[in-house]
Amino acid sequence: MKGKKALFYISLAILLLFLVVAIFADFLAPCDPSAINMGHGLEGPSRAHWLGTDHLGRDLLSRLIYGSRSSVFLAFFATGCTLFLGMTIGLISGYMGGWPDQLIQGVVHIFQGIPSTAFVVAVLGLMGPGLRSLLIAIVVSSWADFSRIVRNQVLEIRQFHYIEGARAMGGGSFYIIRRHVLPTILLPLLVLIATRIGSTVLTVAAMSFLGLGLRAPAADWGIMINDAKLYYVKDFWVLLAPTVCLTLFCLSINLIADFLRDRLDHADEASRML
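This is a predicted model, so every value here is computed, not measured.

Undergrad: Would you mind showing me how to read the pattern of salt bridges here?
TA: It is possible for side chains of opposite charge to pair when their charged atoms get near one another. Here the structure, examined in full by the defined rule, presents seven salt bridges. Between Asp-227 and Arg-58 there is a salt bridge whose closest N-O contact spans 3.4 Å. Here Asp-227, found in helix H9 (residues 221-228), pairs with Arg-58, found in the loop between helix H2 (25-28) and helix H3 (60-96); they are 169 residues apart in sequence, far enough to count as distant. Here Arg-58 falls in the buried class, since its relative accessible area comes to 4%.

Printed below as a string of structure tokens:
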């Protein structure tokens, strides 16, 4: 457990580092990430360009820094929108029960039966590539998981005696949800949020790599990997830099989710013993 705790703090520090870099990209980037200098294309690391340049002579470090802004911010914002939509629908479904619950769960089963990546590609194919389309595609393809988990938690919680006591004392539905339900489902939601952020970053990178997400000349890790596919055999660093950042971010967020999942399992065991 101590080893996992140490990995959790290391992963949290890496995640915070990515967030700081994304927030202060304008101050940390040494060059304009879109500035083209064909005379210095595919140069190795130097004092002028710490990580070298890409095939158009653009500074790789600057593009990595701005790429963290687009990838990380989009992942957090898309996950937040997905959480809000899924949690709202899950709360309504679980708390109301009856035919509204059955109707909503029918829709949830339909969305969960569709592979998320294929669904994102289909939505982007209909709406066209771009930031707005990518955001809508991610939210629409991901809300069902949040809804299902929230609904299952609410179904379990609403049977507890303290919920019945709150109703007997005149507590309304909004008060009970805000005061008793939301704090109880917070930890399971944190696990899913952490996992979803990591998968969203991969989805954003994959769609940008395929030309369906963010478009060049925007600085994005997926676009950088796509640009490097013709040059990585001879100049491997142009591919290594964005893939290392993408791997570190996803690994750190998944380790955080794993630690939170263990804490949730221990809490469940303790409650069953009581």
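Right, picking up where we left off after that structure.
Undergrad: Explain helix H6 (residues 131-157) here, please?
TA: Residues lying three or four places apart along an α-helix face the same way, a consequence of the helix completing one turn every 3.6 residues. Here H6 spans 38 Å end to end across 27 residues, near enough to the 39 Å set by a 1.5 Å rise per residue. Considering bend angle alone, the principal kink of H6 is centred on Ser-142 and spans about 35 degrees.

Undergrad: What exactly am I supposed to notice about the packing of aromatic side chains here?
TA: Any aromatic ring pair is given by two values, namely how distant the centres are and how the planes are angled relative to each other. Counting across every chain of the model gives eight aromatic pairs. Note on Phe-18 and Phe-249: the rings are 5.5 Å apart at their centroids and 85 degrees apart in plane angle, and the pair reads as edge-to-face. Here the residue Phe-18 occupies a position in helix H1 (residues 2-23), and Phe-249 occupies one in helix H10 (residues 237-273), the gap between them amounting to 231 residues. Considered together, Phe-18 and Phe-249 belong to a single accessibility category, that of buried residues. An aromatic cluster of three or more residues is present, and its members are Phe-8, Tyr-9 and Phe-259. Above the plane of the ring of Phe-209 lies Lys-229, whose end atom (NZ or CZ) is 5.6 Å from the centre.

Undergrad: Which parts of the structure should I look at to understand the packing of helix H5 (residues 116-127) against H6?
TA: Think of two packed helices as two axes; the pair is described by the angle between the axes and how far apart they sit. Relative orientation of the contacting elements H5 and H6 amounts to 145 degrees, with a least axis distance of 9 Å. Between H5 and H6 lies a crossing of right-handed hand. Judged by residue contacts, Ser-116, Phe-119, Val-120, Val-123, Leu-124 and Met-127 of H5 engage Ser-133, Leu-134, Ile-136, Ala-137, Ile-138, Val-140 and Ser-141 from H6. Here the contact of H5 with H6 is composed, by residue class, of 10 nonpolar, three polar and no charged.

What counts as what
Residues numbered from 1 in each chain as written. Predicted model: local features only at pLDDT ≥ 70, side-chain atom pairs only at ≥ 80, totals over all residues. Heavy atoms only, no water. Salt bridge = Lys/Arg side-chain N within 4 Å of Asp/Glu carboxyl O. Helix = DSSP H or I, 4+ residues; strand = E, 2+ residues; numbered from the N terminus. Buried < 20%, exposed > 50% of the residue type's maximum accessible area, 1.4 Å probe, protein only. Expected span 1.5 Å × (residues − 1). Bend = angle between axes of the 7 residues up to and from the residue. Phe/Tyr/Trp six-rings, centres within 6.5 Å; stacked < 30°, edge-to-face > 60°. Lys NZ or Arg CZ within 6 Å of the ring centre and 35° of its normal. Axes fitted to C-alpha atoms, helices over the stretch in contact; angles between N-to-C directions. Left-handed = near helix turned anticlockwise from the far one by under 90°. Contact = heavy atoms within 4.5 Å. Nonpolar A, V, L, I, M, F, W, Y, C, P; charged D, E, K, R; others polar.

Read these as spatial facts, not as claims about activity.
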